[in-house]
Amino acid sequence: MAVAAALLLAYVLIWVRLPTADIDRSDFTSSYVAGLLLRHQGGAAVYDLAAQTALRDQLIAPVTNGEVPFVDGPPAAALVAPITVLNLTDAYRLWTALSVLILALAVIIAVRSAPWRPTTHMVWRVAAGMAATASFGTWTLLLQGQWSSLTALGLALAYRDWRHGHEARGAVILVLAAGVAKPHLALGLAAFLIGWRQRRVILGAVTGLATLAVASVAVVGTSGVMAFAGLATAQGGAWDLARMLSFIAIPGSIVGNGTASEVIGLCGTAVACGIASALGDLSRRHPERFLPALIAAAVLSLLGAPHAYAQDLVMLAPVLVWAIALAGERGLAVVGIWTVITAAAAVDLIDAGAFPPGPLAAWTLIAVAVIACLAAWRSGLPAREPATPAATRPTAATVG
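Because the structure is a prediction, the values reported are computed rather than measured.

Colleague: Whenever I open this one, the overall build of the protein confuses me. Can you help?
Modeller: Regarding its fold elements, the protein presents 18 helices and zero strands. In summary, the protein has a C-alpha radius of gyration of 21 Å against a globular reference of 21 Å for 400 residues, a match within 12%. Expressed along its principal axes, the backbone C-alpha trace of the protein runs to roughly 65 × 45 × 40 Å. In the protein, buried positions account for 54% of the 400 residues. A separation of at least 24 residues holds for 78% of the contacts in the protein among residues at least 6 apart in sequence. In the structure as shown, the protein presents an accessible area of about 16,500 Å², 69% of it carried by carbon and sulfur atoms. Here the protein holds 23 positive side-chain charges and 19 negative ones, and the gap between their average locations is 13 Å.

Here is the structure:
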């Protein structure tokens, strides 16, 4: 608790004293520009790269930052738009504070819903929550004005609902949270839901997707949705792959940006999704293994993301809490693994994923994914009588 508190205090002190020029160069500026374009022009103008660049350069002059396009979905622009009534600096402060509060809420929900042993002291539960909140991902989340914490909140809420038998609602929440913020981070989780093959879960996921589609058209119109799709696909090669957190950083650090790295990265994504789907099937056949399988699928989802940076590590904050709860007396080992992941992400930020040794975070996540998958397949938790006649339906007694 002391170490986590010290880290969080350091993050806040850095954030409070952050120079205006660093705020101008943050990822939030692109979101702010999209919100302004939505308020004043709307439609396809939100995804006009030339309009984005011109407005951003005007806002942050004399600071320059090249092309940092806004490629999130239309609902994301709608969420940012209200705070663009503030100037850029004040909006950044408000946005980042809300993002960290969302992360804290996700962790609190994870702590309350985790399958703790009755003998686990409250101090240990609080310490687990603080460790989950104080990762290196939280620091980059604050500095960049990102919102991967929304994915963490959706995952925490979804598991809480699934634990109590609300399969459809949990799926709707997860899809909406991931779809608004970072849909590419949830590909493995989507595969897990498909492999789970629960009718209510699939119905909930489809409902969530339909809601996102309708909301997107309502926000920017059909032309805006088409412009979003065009800009998002056109920017695939604009990012430095070696700086990423996920598997694609490995080929990116060896052969650089290009078609070869992207193809290898997509193959890695496909493998991660395939394993996540198998974990979903494992949960269907063995409901008592649901939480270990969900933990492994979440790690695979981040590992297989075609676009993931250090701030996206926060999506695993609820996962850490659940893993500590399951580990019991071995919980310190889980905290040690988490420390290695967050340290690797910090090293990668410093050396830009140089090869060798390459992106340490990606290699670390591969090792953690293997450990998590083995834990899910080898977990020998005794099955309990489900609360409903449907043997495959997760309940508070079986999930986790």
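More follows now that the structure is in view.
Colleague: Hey, could you run me through helix 7 (residues 122-133) in this one?
Modeller: Along an α-helix, a turn takes 3.6 residues, which lines up residues three or four apart on a common side. End to end, helix 7 covers 17 Å across twelve residues, agreeing with the expected 16 Å (1.5 Å per residue, within 8%). When helix 7 is considered as a whole, its buried residues turn out to be Arg125, Ala127, Ala128, Gly129, Ala131, Ala132 and Thr133.

Colleague: What should I look at first to understand the packing of aromatic side chains in this one?
Modeller: Aromatic ring pairs are described here by two measures, namely the spacing of the ring centres and the angle between the planes. Per the stated rule, a full pass over the model turns up 13 aromatic pairs. Taking the centre distance of 5.0 Å and the plane angle of 55 degrees together, the rings of Trp95 and Trp147 count as tilted. Of the two residues, Trp95 sits in helix 6 (residues 88-113) while Trp147 sits in the loop between helix 8 (136-144) and helix 9 (149-163), which places them 52 residues apart along the sequence. Both residues of the pair, Trp95 and Trp147, belong to the buried class. Look at Phe136 and Trp139: their rings are 5.3 Å apart centre to centre, the planes differ by 35 degrees, and that puts the pair in the tilted class.

Colleague: Explain the pattern of salt bridges to me, please; I cannot follow it from the model alone.
Modeller: Pairs can form between side chains of opposite charge once their charged atoms are near each other. Under the criterion given, the structure shown has seven salt bridges. A single salt-bridge network, built from bridges that share partners, covers Arg197, Asp281, Arg284 and Arg285.

Colleague: In this structure, what is going on with the packing of helix 3 (residues 28-40) against helix 6? I would like to understand it.
Modeller: For any two helices packed against each other, one specifies the crossing angle of their axes together with the interaxial distance. Running from amino to carboxyl end, helix 3 crosses helix 6 at an angle of 110 degrees, the nearest separation of the two axes being 11 Å. Compared by their axis directions, helix 3 and helix 6 come out roughly perpendicular. Classified by chirality, the crossing of helix 6 by helix 3 is right-handed. In contact with Phe28, Thr29 and Tyr32 of helix 3, helix 6 contributes Leu88, Ala91, Tyr92 and Trp95. Grouping the amino acids of the contact of helix 3 with helix 6 by side-chain chemistry returns six nonpolar, one polar and no charged.

Colleague: Would you mind showing me how to read the environment of Gly43 here?
Modeller: Following the sequence through the fold, Gly43 ends up in the loop between helix 3 and helix 4 (49-60). Residues Gly43 and Ala218, spaced 175 residues apart in sequence, show a C-alpha to C-alpha distance of 9.5 Å. Excluding residues within four positions of it along the chain, Gly43 makes contact with Val220 and Gly224.

Rules and cut-offs
- Residues numbered from 1 in each chain as written.
- Predicted model: local features only at pLDDT ≥ 70, side-chain atom pairs only at ≥ 80, totals over all residues.
- Heavy atoms only, no water.
- Helix = DSSP H or I, 4+ residues; strand = E, 2+ residues; numbered from the N terminus.
- Rg over C-alpha atoms; globule rule 2.2 N^0.38 Å.
- Buried < 20%, exposed > 50% of the residue type's maximum accessible area, 1.4 Å probe, protein only.
- Contact = heavy atoms within 4.5 Å.
- Areas by Shrake-Rupley, 256 points an atom, 1.4 Å probe, with all protein chains shown as cover.
- Lys, Arg positive; Asp, Glu negative; His and termini not counted.
- Charge placed at Lys NZ, Arg CZ, Asp CG, Glu CD.
- Expected span 1.5 Å × (residues − 1).
- Phe/Tyr/Trp six-rings, centres within 6.5 Å; stacked < 30°, edge-to-face > 60°.
- Salt bridge = Lys/Arg side-chain N within 4 Å of Asp/Glu carboxyl O.
- Axes fitted to C-alpha atoms, helices over the stretch in contact; angles between N-to-C directions.
- Parallel < 35°, antiparallel > 145°, perpendicular 65-115°, else oblique.
- Left-handed = near helix turned anticlockwise from the far one by under 90°.
- Nonpolar A, V, L, I, M, F, W, Y, C, P; charged D, E, K, R; others polar.

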